[in-house]
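# Architecture and fold: a report
These are the residues of each chain, in order.
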Amino acid sequence: MLANHINKPANTLDCPRSAADVYYFGMYVHDYLDNIYRNLKLASRPNQDNRKQFDASRNTCKDEIRTLIENYLNRCLGYFYKNGGPVIQAPVSDTDIQEIQPFFYKIAANFYDQLETMSYIASKGDMSANDLKVESTKYIIGLLNTMEKLYSVDEVKEAFEDLITVEKNLLQ
């Protein structure tokens, strides 16, 4: 399979403990998708216009996630300075992470398997670049929705919701 040449990251990711971790996870998902698409471009040489459209939509999405990261970090800095420089603890405890982590890895592994399947179908020419964009975006939304349900901390849930909104904007 084409995607087997891409390092599967499911068990190498850290389980998000804060909003920043969630945003970085969203960026990582897009980087992984970029790797798949790069390999597809090499294997199947899809239509140039479709490829440009796909690349542009992914770059827009990554730019929006970068903005979310910057805004979050600015809020953290503001809190830090306003409160005299306290160490900011991650809102998700070690105990919670130990409970969440196996489910997080399983959900991520299933997601990456779905992307692998889509890349295989696309490499055979049975899925267009636009269909790949739409389907991968739907799978990312599903991934984020499922992962959000693992958490009870509002800050982390809101970060997942932010990423879902960014993804939904791709479908419009």
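Here's a quick rundown of the structure.

This next bit is on the packing of aromatic side chains. Aromatic ring pairs are defined here through the distance separating the ring centres and the angle between the ring planes. Enumeration over the complete set of coordinates arrives at six aromatic pairs. Ring centres 5.2 Å apart and planes at 65° place the aromatic pair Phe111 and Tyr112 in the edge-to-face group. Exposure class is identical for Phe111 and Tyr112. Each is buried.

Tyr23, Phe25, Ile65, Phe104, Tyr112, Leu115 and Met147 are the most contacted members of the largest nonpolar core, which totals 49 residues. Non-local contacts of Leu115, meaning those with residues more than four positions away in its chain, are made with Tyr32, Leu33, Ile36 and Ser136.

Attention now goes to the packing of helix 3 (residues 94–123) against helix 4 (residues 129–148). Remark: helix 3 packs on helix 4, axes separated minimally by 10 Å, with the N-to-C direction vectors making an angle of 175°. Here helix 4 runs roughly antiparallel to helix 3, going by the angle between their axes. Here Phe104, Ile107, Ala108, Phe111, Gln114, Leu115 and Met118 of helix 3 come into contact with helix 4, specifically with Leu132, Glu135, Ser136, Tyr139, Ile140, Leu143, Thr146 and Met147. Per-class residue counts for the contact of helix 3 with helix 4 are 11 nonpolar, three polar and one charged.

So, about the pattern of salt bridges. On inspection of all chains with the given rule, the structure shows six salt bridges. When the shortest N-O distance is used, the salt bridge between Lys138 and Glu135 registers 3.8 Å. With a gap of three residues between them, Lys138 and Glu135 both fall in helix 4, about one helical turn apart. Residue classification places Lys138 among the partly exposed positions, given a relative accessible area of 44%. Each of the salt bridges in this network shares a partner with another, and the network as a whole consists of Asp31, Asp34 and Lys62.

The subject of this paragraph is the packing of helix 4 against helix 5 (residues 154–171). Put simply, helix 4 and helix 5 touch, their axes get as near as 9 Å, and they point 165° apart. Regarding the angle of helix 4 to helix 5, the classification is roughly antiparallel. Note that helix 4 runs across helix 5; the crossing there is left-handed. Here helix 4 contributes Lys133, Val134, Thr137, Lys138, Ile140, Ile141, Leu144, Asn145, Met147 and Glu148 to the contact with helix 5, which in turn contributes Lys157, Phe160, Glu161, Leu163, Ile164, Glu167, Lys168, Leu170 and Leu171. Taken together, the residues of the contact of helix 4 with helix 5 break down into 10 nonpolar, two polar and seven charged.

Of note, His30 is situated in helix 1 (residues 19–44). His30 sits in the buried class, given a relative accessible area of 1%. Polar contacts involving the side chain of His30 include one to the side chain of Glu167, which spans 2.5 Å. When neighbours within four sequence positions are excluded, His30 is seen to be in contact with Arg58, Cys61, Lys62, Ile65, Ile140 and Glu167.

The rules behind the values
- Residue positions are given per chain, counting from 1 as you read along its sequence in written order.
- The predicted origin of the model limits local features to residues at a pLDDT of at least 70 and limits the giving and counting of side-chain atom pairs to 80 or more, whereas totals for whole chains, interfaces and linings rest on all residues.
- Computation of side-chain values: all heavy atoms of the structure, hydrogens and water removed.
- Pairing of aromatic rings covers Phe, Tyr and the six-membered ring of Trp, with a centre-to-centre limit of 6.5 Å; geometry is then stacked below 30 degrees between planes, edge-to-face above 60, and tilted otherwise.
- With a 1.4 Å probe rolled over the protein chains alone, any residue whose accessible area is under 20% of its type maximum counts as buried; one over 50% counts as exposed, and the rest are partly exposed.
- Take the buried Ala, Val, Leu, Ile, Met, Phe, Trp, Tyr and Cys residues and link them wherever side-chain atoms come within 4.5 Å; each set so joined is a nonpolar core.
- Whether two residues are in contact is decided by their heavy atoms: any pair within 4.5 Å suffices.
- In this description, a line fitted to the C-alpha atoms serves as the axis of each element, helices being fitted only across the stretch in contact, and the angle between N-to-C directions of two axes falls anywhere from 0 to 180 degrees.
- Only DSSP runs of H or I covering at least 4 residues are called helices, and only runs of E covering at least 2 are called strands; the numbering of each starts at the N terminus.
- The cut-offs work like this: below 35 degrees is roughly parallel, past 145 is roughly antiparallel, 65 to 115 is roughly perpendicular, and the gaps in between are oblique.
- Ten residue types, Ala, Val, Leu, Ile, Met, Phe, Trp, Tyr, Cys and Pro, are classed as nonpolar, four, Asp, Glu, Lys and Arg, as charged, and the remainder, Gly among them, as polar.
- Between Lys or Arg on one side and Asp or Glu on the other, a salt bridge is scored when a side-chain nitrogen of the former is within 4 Å of a carboxyl oxygen of the latter.
- Helix crossings are classified by the rotation of the near helix relative to the far one: an anticlockwise turn of less than a right angle makes the crossing left-handed, while a clockwise turn makes it right-handed.
- Residues adjacent in sequence count toward polar contacts only when both atoms are side-chain atoms; beyond that, a polar contact is any pair of N or O atoms within 3.5 Å, and within protein one must be able to donate a hydrogen and the other to accept it.

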